[in-house]
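Here is what each chain is made of, one letter per residue.
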Amino acid sequence: MNVRLLLLCLTLTPLCALADAVRVSLQPRAAVGKGMPELRVHIEEPITGFELKLERGDGQQVRVKGGGKPGMTRALPLEQPEGRFHYEGGLVVRFPDAEEASIPLSFDTELLGPLNLTVVPEDVDVPGRKLRFTLSRPAARARVTVLMDTGKTAFDGEVPFDGAPAGQPLEVTWPEAEGKVLRISLKAFDTADFYTGMDLFPWRVDIPHEEVNFASGKADVPAAERRKLDASHALIADAVTRYGRFAELRLYILGHTDTVGDTDSNRKLSLERARSIAAYLRKRGLKLPILYEGFGEQSQRVPTQDETDEAANRRAEYILAIEPPALASTPFPPQWRKL
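Residues numbered from 1 in each chain as written. Predicted model: local features only at pLDDT ≥ 70, side-chain atom pairs only at ≥ 80, totals over all residues. Heavy atoms only, no water.

Caption draft 1: Spotlight on the layout of surface pockets. As a volume, the largest pocket reaches approximately 560 Å³. Its residues assigned to classes, the lining of the largest pocket shows 15 nonpolar, no polar and 4 charged. As a volume, the second largest pocket reaches approximately 410 Å³. Phe 214, Asp 258, Leu 269, Arg 273 and Arg 314 are the residues nearest the centre of the second largest pocket, which is lined by 23 residues in total. At the level of secondary structure, the elements contributing two or more residues to the lining of the second largest pocket comprise helix H2 (263-283) and strand E21 (316-321). Sort the elements by how many residues they give to the lining of the second largest pocket and H2 lands first, with 6 residues. (1 Å grid on protein atoms, 1.4 Å probe; cavity = no way out; pocket = protein on both sides within 12 Å on 5 of 7 lines; lining within 4 Å. Points joined across faces, edges and corners; volume = space filled by probe spheres on them. Nonpolar A, V, L, I, M, F, W, Y, C, P; charged D, E, K, R; others polar. Helix = DSSP H or I, 4+ residues; strand = E, 2+ residues; numbered from the N terminus.)

Caption draft 2: The arrangement of the nonpolar core in detail. In this structure, Trp 203, Leu 251, Ile 253, Ile 277, Tyr 318 and Leu 320 are the most contacted members of the largest nonpolar core, which totals 30 residues. Top element by residues in this core is H2. It accounts for 6 residues. Beyond its immediate chain neighbours, meaning those up to four positions away, Ile 253 contacts Ala 274, Ile 277, Ala 278, Leu 281, Ile 290, Leu 291, Tyr 292, Glu 293, Glu 317, Tyr 318 and Trp 336. (Core = buried A, V, L, I, M, F, W, Y, C linked by side-chain atoms within 4.5 Å. Buried < 20%, exposed > 50% of the residue type's maximum accessible area, 1.4 Å probe, protein only. Contact = heavy atoms within 4.5 Å.)

Caption draft 3: Fine view of the sheet that holds E21. Reading across from one edge, E18-E21-E19-E20-E22 is the order of the 5 strands in this open sheet, with mixed pairing throughout. The open sheet has two free edges, formed respectively by strand E18 (204-206) and strand E22 (337-338), since each of these has just one partner strand. Sitting on the sheet, helix H1 (residues 226-243) is in contact with E18, strand E19 (250-255) and E21, with an inclination near 15° to E21. This element, H2, spans E19, strand E20 (290-294), E21 and E22 of the sheet and lies at about 160° to E20. (Pairing = 2+ DSSP bridges. Axes fitted to C-alpha atoms, helices over the stretch in contact; angles between N-to-C directions.)

Have a look at this one:
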């Protein structure tokens, strides 16, 4: 058999060929949990077998024997730790007439760790119409869709990042559009074309309302105050009708007190009052999930000294949102209770 060896470094596909009998190609990258880099032996003409002999850059030996019929492709996974490795060696091919020939091989592979996309709350700047994020590997591009609560799309396209280094802050922006931003869908690609993504829901509506006046130290809704909650129920129900077709909404209720009394008692009282408001709205017919939390005297609207009777601080907040709303002035992360 007249065997012609094509000596090629494995950086292109197809990478090496031995006459027309065998072709070798390389899948140089894989992600952890999604397979391994692999060599592929494409058998074009009859052979009696082959043997792969490689040495990895850390000294690990790779020996694989195989064969097959014309038209078959044998995938040979290259088991390796996370990271980049160089391989040197060759593929020995045996033919039916007892001839052997070898293809020298020299190539690099990379097993990529998890691709992490990080967005912190302060990086979602809805008024400024921009979103910042970081990627754990060099970034190639991002696919971004911004949906408004009018049902219209403010932006749907790709933003290039040209291999920006891992961990470098990246930014996408969108044009002004009618309504509020309901959802930001972000899919970020690294330079190996692996991707990860997330959906962000910065949308919220603060429901205006009259404050319920509770009896001192009590959490029961007085009969004379129920009309206020009836009015709030109507506003919430109207908002759910308008926006609920775009996403599953939730109602978040926050309770606050003035500084009369001790901190722990006020925290407990504000929590109980928020729950009473939630329970009344549920009884009035609200079907959406309702969550509540109490912040007591620790998130004052009007800063005061201790033991100050300040009506503006005896209040509640009613927030419609899809995800837990960002709260700028709360003293501790809320532990939302579901009604």
